[in-house]
There are 2 protein chains.
Amino acid sequence: MKEIKELGARARAAERILACAGANIKNAALQNIAEALVFYAGDIISANAKDVENGKNSGMSEALLDRLRLDDKRIAAMAEGVRDIAAAADPVGNVIWGETRPNGLKISRISVPIGVIGVIFEARPNVTSDAAALCLKAGNTVILRGGKEAINSNTAIASVMRRAIGKAGLPEDCIQLVTDTSRESATALMKMNEYLDLLIPRGGAGLIRAVVEGSNVPVIETGVGNCHIYIDASADVDMAADIVYNAKTSRPSVCNACESLLVHRDIAARALPAVKARLDAKNVEIRGDEAVGSIIPGVVPATEDDWGTEYLDLVISVKVVNSIDDATEHIAKYGSGHSECIVTESYEAAQKFLSEVDAAAVYVNASTRFTDGGEFGFGAEIGISTQKLHARGPLGLKNLTSEKYIILGSGQVR
Amino acid sequence: MKEIKELGARARAAERILACAGANIKNAALQNIAEALVFYAGDIISANAKDVENGKNSGMSEALLDRLRLDDKRIAAMAEGVRDIAAAADPVGNVIWGETRPNGLKISRISVPIGVIGVIFEARPNVTSDAAALCLKAGNTVILRGGKEAINSNTAIASVMRRAIGKAGLPEDCIQLVTDTSRESATALMKMNEYLDLLIPRGGAGLIRAVVEGSNVPVIETGVGNCHIYIDASADVDMAADIVYNAKTSRPSVCNACESLLVHRDIAARALPAVKARLDAKNVEIRGDEAVGSIIPGVVPATEDDWGTEYLDLVISVKVVNSIDDATEHIAKYGSGHSECIVTESYEAAQKFLSEVDAAAVYVNASTRFTDGGEFGFGAEIGISTQKLHARGPLGLKNLTSEKYIILGSGQVR
């Protein structure tokens, strides 16, 4: 698509200017964005009202409408998020490693921007300002392609941000929005490795799969979290019940929520009733295997599909396992490599689980809900990577940079 | 293709064992490989003779035949390479970062294997042992898919390596070779993101492009090097001529060789004859623009195609530029992001070039030929990354690892 390529060419042109901009100018641009978001909140809310109206007319669920809806408070939170990013340390230009070689060459590795980043996301308009601010801070130009459900909101937010950074002296094309929300525009973006250095999909499993399968641009997979908690034979049952309750119910719609519970056979008769008692308080639906059903009568029988499902809802699958090996094998088979937890009092079991389970975050005796840039102390994040290349876990500012070697010589030849 | 998927499933199964193997067992396996390569050198050389014979019959160039050919000395060098990898520090299980959070959670980030790595390469059989040894040391299982020209050699080498690691107690499937060298087998490998965590193409620009365009597995692009040297107005002309001579002629077939020379107009009348005098000693063909032709009569006129060409031969394109900005713009347009050099005595020009040129390695006053794992002090490498995700520049053992967060709690919930 010609118009998408045009955005790409503009992003590349802006990139060369932004990459060399100092932290002062980038931070001034971010402060301008924060101010402008609040100043033009009325315009943004009017645009958002159209999206909400359209969503209601097309039968959007109340949960999705809630994600879509903006008000003064939410816009103030968006602006605050941008200010936090302005206040963070600059991730560009840091020396990561350096050495003088025997021949006198001074080699160092420094952090540099990645270049042009594409972000494909769904119907949460706050992603527009979050993603743009994170990319800008790390010296990257961004092409945003949000869902059609939020197109009026996104257009208004992007327009406010573009003017704000222009006033700080940066090219407005450091932030661009794809206004064509057809499937074709997303496909065109995925095929544009000439102009894009990285593509980040933010959204549901279907979106992420489509981008991974269809893209010739390097992709960082984010978000799908089929997270397990394994209650070991030696677990403290009260602690286990607390952790399961927190990981399942504190925010069921997010990727670090627990979706599946594995319980060692030797503790199942004590642990399962304790867990159920806690989950009942929030009416969590339990889908269990036969062994679970024999301890908690009346649970919905789990099918094979349940083990691989990210419910994002007040539902949990539960299975009794014969050993920690059964648990780690189950996780290797069904897990999405996001966050996995063991509850145990056994040193040996803890070590075994930590070393054998392959996921972005592996926990002993803590809720999976901590897998988060803020909770890890990284500040804002653009998603949680569940792949193994480039970055794994919460993607903070540092993960939005690349590196280059600079080599200072005095005429050395080889 | 069913058989390629079968290799994938086996690689995944072996991965879980290898990932938890300690450095001792991995190093013993590598030592076994080194010994076995030498012990079975006769078998490998016989197999290689068939490839060389087939190559001759199909009219393979002498340069390619030379890359293909194995003898005792080359096999000893392969074994020595594997021993060096055994002797290197283990890249797995290192704590990269760690912190205790205010809530008492102890978070650390540790290096872990990537998982299953596919390597697609052309007709250099030594890549088989290099790539397998590097992957094994970093705890990754590998699926090797070499060119059909070296299939007999590769089959012999892989068979020797598999038996050697089996004797050390590792699954032989840690190292697998795709014996089907049809285009379909490469395509199947590229589409196998269920089983492969990373695909590394090693070879010419055509191969790399095909893998980048066709793969749903994360790829690290390696190798294409359209490297420039820019002789600034303030350059030391003798140093410049030395560096150009070295970067162009010391090994023209490699990716860090210089392919294109940019000369500031103010120094062209002095620098070009000096450079030409050096290059003439090796009969380097100069393809120049008009301004070059007016200083060195009789040069081949450069066409637009020359600026983008990686000759890998004793040919160099040369252009006179009006300013350092013209030089960095030319590099941004035609460079492949590999290695770029400025020769200058000006502090300002050096700083400007270092900050504005976006490449894996940016040099002041040294030959581009130094972009190499050994020269950078990293030991063996599996290629030079010219992309910005995960790793840029020489890919050593550390770059063949991923990370995971481990979080130790005492019942924390959020």
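What you see is a predicted model, and the numbers here were worked out from it, not measured in a lab.

**Brief notes about the overall build of chain A**
Part 1 of the reasoning: The helix and strand tally for chain A stands at 15 helices and 16 strands.
Part 2 of the reasoning: Classification of the 414 residues of chain A by burial places 54% in the buried group.
Part 3 of the reasoning: Once local pairs closer than 6 in sequence are excluded, the contacts in chain A between residues at least 24 apart make up 72%.

**Comments concerning the domain arrangement of chain A**
When the parts of a complex come together, some accessible area is lost, and that lost area is often used as the size of the interface.
Residue and element names in this part refer to chain A.
Part 1 of the reasoning: Domain assignment breaks chain A into domain 1 (2–222 + 382–408) and domain 2 (227–370).
Part 2 of the reasoning: Each of domain 1 and domain 2 was reduced to a C-alpha centroid, and the two centroids are 35 Å apart.
Part 3 of the reasoning: With six residues of domain 1 at the contact, the number on the domain 2 side is seven residues.
Part 4 of the reasoning: Of the residues contributing to the side of domain 1 that touches domain 2, the split by class is two nonpolar, three polar and one charged.

**Some points on the sheet that holds strand S12 (residues 339–343) of chain A**
Part 1 of the reasoning: Across the sheet, which stays open at both edges, the 10 strands sit in the order S10(A)-S9(A)-S11(A)-S8(A)-S7(A)-S12(A)-S13(A)-S16(B)-S2(B)-S1(B) with mixed pairing between neighbours. In the strand order of this sheet, the two ends are held by strand S10 (300–301) of chain A together with strand S1 (95–100) of chain B, each with one partner.
Part 2 of the reasoning: As paired elements, strand S9 (residues 285–288) of chain A and S10 of chain A share two bridges and run parallel to each other. Directly across from Arg287 of chain A, in S10 of chain A, lies its bridge partner Val300 of chain A.
Part 3 of the reasoning: Taken strand by strand, helix H14 (residues 324–334) of chain A contacts strand S7 (227–231), strand S8 (258–264), strand S11 (315–321) and S12 of chain A, and its axis lies near 140 degrees from that of S11 of chain A.

**Thoughts on the pairing of S7 of chain A**
Residue and element names in this part refer to chain A.
Part 1 of the reasoning: With five of its five residues buried, S7 lies for the most part within the structure.
Part 2 of the reasoning: The alternating pattern of S7 places Cys227, Ile229 and Ile231 on one face and His228 and Tyr230 on the opposite face, and all of these are buried.
Part 3 of the reasoning: As paired elements, S7 and S8 share five bridges and run parallel to each other. When the bridges of S8 are listed, Ile229 appears paired with Leu261.
Part 4 of the reasoning: With respect to chirality, the unit in which S7 leads through helix H10 (residues 237–249) into the neighbouring parallel S8 is right-handed.
Part 5 of the reasoning: Bridge count between S7 and S12: four bridges; the pairing is parallel. Looking at S12, one finds that Ile231 is bridged to Val343.

**Some words on the interface of chain A and chain B**
Part 1 of the reasoning: Counting residues at the interface gives 59 residues for chain A, matched by 59 residues for chain B.
Part 2 of the reasoning: Every element with two or more residues in the side of chain A that touches chain B is listed here: helix H1 (2–19), helix H9 (205–214), H10, helix H15 (347–356), strand S13 (361–366) and strand S16 (401–412) of chain A.
Part 3 of the reasoning: The element contributing the most residues to the side of chain A that touches chain B is S16 of chain A, with 11 residues.
Part 4 of the reasoning: Split into classes, the residues belonging to the side of chain A that touches chain B amount to 27 nonpolar, 17 polar and 15 charged.
Part 5 of the reasoning: The sheet contact formed by S16 of chain A and strand S13 (residues 361–366) of chain B spans five bridges and is parallel. Its bridge partner lying in S13 of chain B, Gln412 of chain A is registered against Ala366 of chain B.

**Structural notes on unusual backbone geometry**
Part 1 of the reasoning: With a phi close to 55 degrees, Asn365 of chain A is a non-glycine residue in the positive phi region.
Part 2 of the reasoning: Its 23 C-beta neighbours within 10 Å are what place Asn365 of chain A among the buried residues.
Part 3 of the reasoning: In this structure, His390 of chain B takes a positive phi of about 70 degrees despite not being glycine.
Part 4 of the reasoning: With respect to the helices and strands, His390 of chain B occurs in the loop between strand S14 (384–385) and strand S15 (393–394).
Part 5 of the reasoning: Classification of His390 of chain B by C-beta neighbours within 10 Å gives buried; the count is 22.

**Re the relation of the copies chain A and chain B**
Part 1 of the reasoning: Note on the identical chains: chain A maps onto chain B by a rotation of 180 degrees and an axial translation of 0.0 Å, with an RMSD of 0.0 Å. A rotation of that kind, with that shift, is consistent with a two-fold axis. In terms of C-alpha distance to the rotation axis, chain A has His390 of chain A as its closest residue, with the C-alpha 1.7 Å off the axis.
Part 2 of the reasoning: Residue by residue, 100% of the interface of chain A is reproduced at the interface of chain B, so both copies engage with the same surface.

**Some words on the sheet that holds S16 of chain A**
Part 1 of the reasoning: The strand order across the open sheet formed by 10 strands is S1(A)-S2(A)-S16(A)-S13(B)-S12(B)-S7(B)-S8(B)-S11(B)-S9(B)-S10(B), and the pairing between neighbours is mixed. Edge positions in the sheet fall to strand S1 (95–100) of chain A together with strand S10 (300–301) of chain B, since each has one partner strand and no second.
Part 2 of the reasoning: Its contacts with the sheet place helix H11 (residues 265–280) of chain B against strand S7 (227–231), strand S8 (258–264), strand S9 (285–288) and strand S11 (315–321) of chain B, and it is angled at close to 145 degrees to S8 of chain B.
Part 3 of the reasoning: Sheet contacts for helix H15 (residues 347–356) of chain B: S16 of chain A together with strand S12 (339–343) and S13 of chain B; angle to S13 of chain B, the most-contacted strand, approximately 160 degrees.

**Topic: the nonpolar core**
What tends to happen in soluble globular proteins is that the nonpolar side chains get buried as a cluster.
Part 1 of the reasoning: In terms of nonpolar packing, the biggest core is built from 263 residues, with Ile33 and Leu37 of chain A together with Ile33 and Leu37 of chain B touching the most fellow members.
Part 2 of the reasoning: If near-sequence neighbours (up to four positions away) are discounted, Leu37 of chain B is found in contact with Ile75, Met78, Ala79, Val82, Ser129 and Val160 of chain B.

**A short note on the environment of Ile384 of chain B**
Residues and elements named next belong to chain B.
Part 1 of the reasoning: Along the chain, Ile384 turns up in strand S14.
Part 2 of the reasoning: It is 21 Å that separates the C-alpha atoms of Ile384 and Asn216, two residues lying 168 residues apart in sequence.
Part 3 of the reasoning: Apart from residues no more than four positions distant in its own chain, Ile384 is found in contact with Thr222, Gly223, Cys255, His338, Ala360, Thr371, Gly393, Pro394 and Leu395.

**A short note on the environment of Gly146 of chain B**
Residue and element names in this part refer to chain B.
Part 1 of the reasoning: Mapped onto the elements, Gly146 comes out in the loop between strand S4 (141–145) and helix H7 (151–167).
Part 2 of the reasoning: When the C-alpha atoms of Gly146 and Val318 are compared, they prove to be 36 Å apart, with 172 residues separating the residues in sequence.
Part 3 of the reasoning: Once residues within four sequence positions are removed from consideration, Gly146 is found in contact with Phe121, Val127, Thr128, Ile151 and Asn154.

About the criteria used
Residues numbered from 1 in each chain as written. Chains lettered and ligands numbered in written order. Predicted model: local features only at pLDDT ≥ 70, side-chain atom pairs only at ≥ 80, totals over all residues. Helix = DSSP H or I, 4+ residues; strand = E, 2+ residues; numbered from the N terminus. Buried ≥ 20, exposed ≤ 12 C-beta atoms within 10 Å, placed from the backbone. Contact = placed C-beta atoms within 7 Å. Domains from an automatic or database assignment. Nonpolar A, V, L, I, M, F, W, Y, C, P; charged D, E, K, R; others polar. Pairing = 2+ DSSP bridges. Axes fitted to C-alpha atoms, helices over the stretch in contact; angles between N-to-C directions. Right-handed = clockwise from strand over helix to strand, strands pointing away. Least-squares fit on C-alpha atoms with pLDDT ≥ 70 in both. Core = buried A, V, L, I, M, F, W, Y, C linked by C-beta atoms within 7 Å.

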